Amino acid sequence: MTQITKRHLDFVQEAREAFESSLLLETYRNDDDTLIALRMGMDRDCVEVWELGNKIANFVQQMDPYPMPRKVVREFSYDMEKQLEANENKGGWKETDFEYLQRHLRINANKLNHALSKADKDKHEITIRCTNIANYAMMIADNEGEHL
């Protein structure tokens, strides 16, 4: 690999801006065609730079993943994962019938209603109940539904 220079880093920024302005753009070249940037990565958030056929570097996670869920959705999915991990010893949901999952969804919905009705709301409890409801809904969708 060639040593990374300021010129390369400036080009990464230039390519990043070009990629962010056009979600369909997969390659980007500088004006004199000496540098080429490729949009890379599973989430299409990396910039790989090549100079005259030599790879300079793969600059990972330079952009927000695409398709990019909203920040609140990403944060909520992390909360969902924390709740799944906290309840991991209860077993998987693949072999669980929908009545069981639906019953626990309702139990959490009732606990959420109770937490929301308090004058002094417990934000942690509300988050746990919301993530549990979302997790049970996801389990039902995974077992009984189809991906859209």
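The structure this text deals with has already been given above.
Summarised in this report is the structure supplied together with it. Since the model is a prediction, treat every value here as computed from it, not as a measurement. (Residues numbered from 1 in each chain as written. Predicted model: local features only at pLDDT ≥ 70, side-chain atom pairs only at ≥ 80, totals over all residues. Heavy atoms only, no water.)

## A look at the overall build of the chain
Then comes step 1: Broken down by element type, the chain carries four helices and four strands.
Then comes step 2: Whereas a compact globule of 148 residues would reach a radius of gyration of roughly 15 Å, the chain reaches 23 Å, over 25% beyond that.
Then comes step 3: Expressed as a percentage of its 148 residues, the buried residues of the chain come to 27%.
Then comes step 4: The contacts of the chain with a sequence gap of at least 6 include a subset with a gap of at least 24, amounting to 42%.
Then comes step 5: Surface accessibility of the chain: about 10,500 Å² in total, with carbon and sulfur atoms responsible for 54%. (Helix = DSSP H or I, 4+ residues; strand = E, 2+ residues; numbered from the N terminus. Rg over C-alpha atoms; globule rule 2.2 N^0.38 Å. Buried < 20%, exposed > 50% of the residue type's maximum accessible area, 1.4 Å probe, protein only. Contact = heavy atoms within 4.5 Å. Areas by Shrake-Rupley, 256 points an atom, 1.4 Å probe, with all protein chains shown as cover.)

## With respect to the packing of helix α2 (residues 71-86) against helix α4 (residues 123-144)
Then comes step 1: Contact geometry of α2 with α4 gives a least axis separation of 9 Å together with a crossing angle of 85°. Here α4 runs roughly perpendicular to α2, going by the angle between their axes. Residues Phe76, Asp79, Met80, Gln83 and Leu84 of α2 lie in contact with α4, whose contacting residues are Thr127, Ile128, Cys130, Thr131, Asn132, Ala134, Asn135, Met138 and Met139.
Then comes step 2: Residues of the contact of α2 with α4, tallied by class, amount to eight nonpolar, five polar and one charged. (Axes fitted to C-alpha atoms, helices over the stretch in contact; angles between N-to-C directions. Parallel < 35°, antiparallel > 145°, perpendicular 65-115°, else oblique. Nonpolar A, V, L, I, M, F, W, Y, C, P; charged D, E, K, R; others polar.)

## Re the pairing of strand β2 (residues 35-40)
Then comes step 1: By the alternation rule, side chains of β2 split into Leu35, Ala37 and Arg39, which are all buried, and Ile36, Leu38 and Met40, of which none is buried.
Then comes step 2: Here three bridges tie strand β1 (residues 27-29) to β2, and the two strands are oriented antiparallel to one another. Residue pairing in the sheet places Tyr28 in a bridge with Ala37 of β2.
Then comes step 3: In terms of strand pairing, β2 meets strand β3 (residues 46-51) through six bridges, oriented antiparallel. In the strand pairing of β3, Leu35 is matched with Glu51.
Then comes step 4: The turn linking β2 back onto β3 is made up of five residues, and Gly41 within it adopts a positive phi angle of 95°. (Pairing = 2+ DSSP bridges.)

## Points about the nonpolar core
Then comes step 1: Phe11, Ala15, Phe19, Tyr28, Ala37, Val47 and Val49 are the most contacted members of the largest nonpolar core, which totals 14 residues.
Then comes step 2: Elements with a contribution of two residues or more to this core: α1 (6-21), β2, β3 and β4 (54-59).
Then comes step 3: Ranked by the residues each element gives to this core, the list is headed by α1, at five residues.
Then comes step 4: Residues within four places of Phe11 in sequence aside, it is in contact with Tyr28, Arg29, Asn30, Leu35, Ile36, Ala37 and Val49. (Core = buried A, V, L, I, M, F, W, Y, C linked by side-chain atoms within 4.5 Å.)

## Some details on the side chain of Asn132
Then comes step 1: Here Asn132 is to be found in helix α4.
Then comes step 2: Judged by its relative accessible area of 8%, Asn132 falls in the buried class.
Then comes step 3: Discounting chain neighbours no more than four positions away, the residues touching Asn132 are Gln83, Asn87 and Asn108.

## Thoughts on the pattern of salt bridges
Then comes step 1: Within the structure shown, the criterion is met by eight salt bridges.
Then comes step 2: Residues Asp79 and Lys82 are paired through a salt bridge, measuring 3.9 Å at the closest nitrogen-oxygen approach. Here Lys82 and Asp79 lie together in helix α2, a separation of three residues that amounts to about one turn.
Then comes step 3: For Asp79, a relative accessible area of 24% puts it in the partly exposed group.
Then comes step 4: Among the residues examined, Lys82 registers a relative accessible area of 53% and is labelled exposed.
Then comes step 5: The shortest N-O distance in the salt bridge between Asp142 and Lys94 comes to 2.9 Å. Of the two residues, Asp142 sits in helix α4 while Lys94 sits in the loop between α2 and α3 (98-117), which places them 48 residues apart along the sequence.
Then comes step 6: Overall, the relative accessible area of 28% leaves Asp142 in the partly exposed class. (Salt bridge = Lys/Arg side-chain N within 4 Å of Asp/Glu carboxyl O.)

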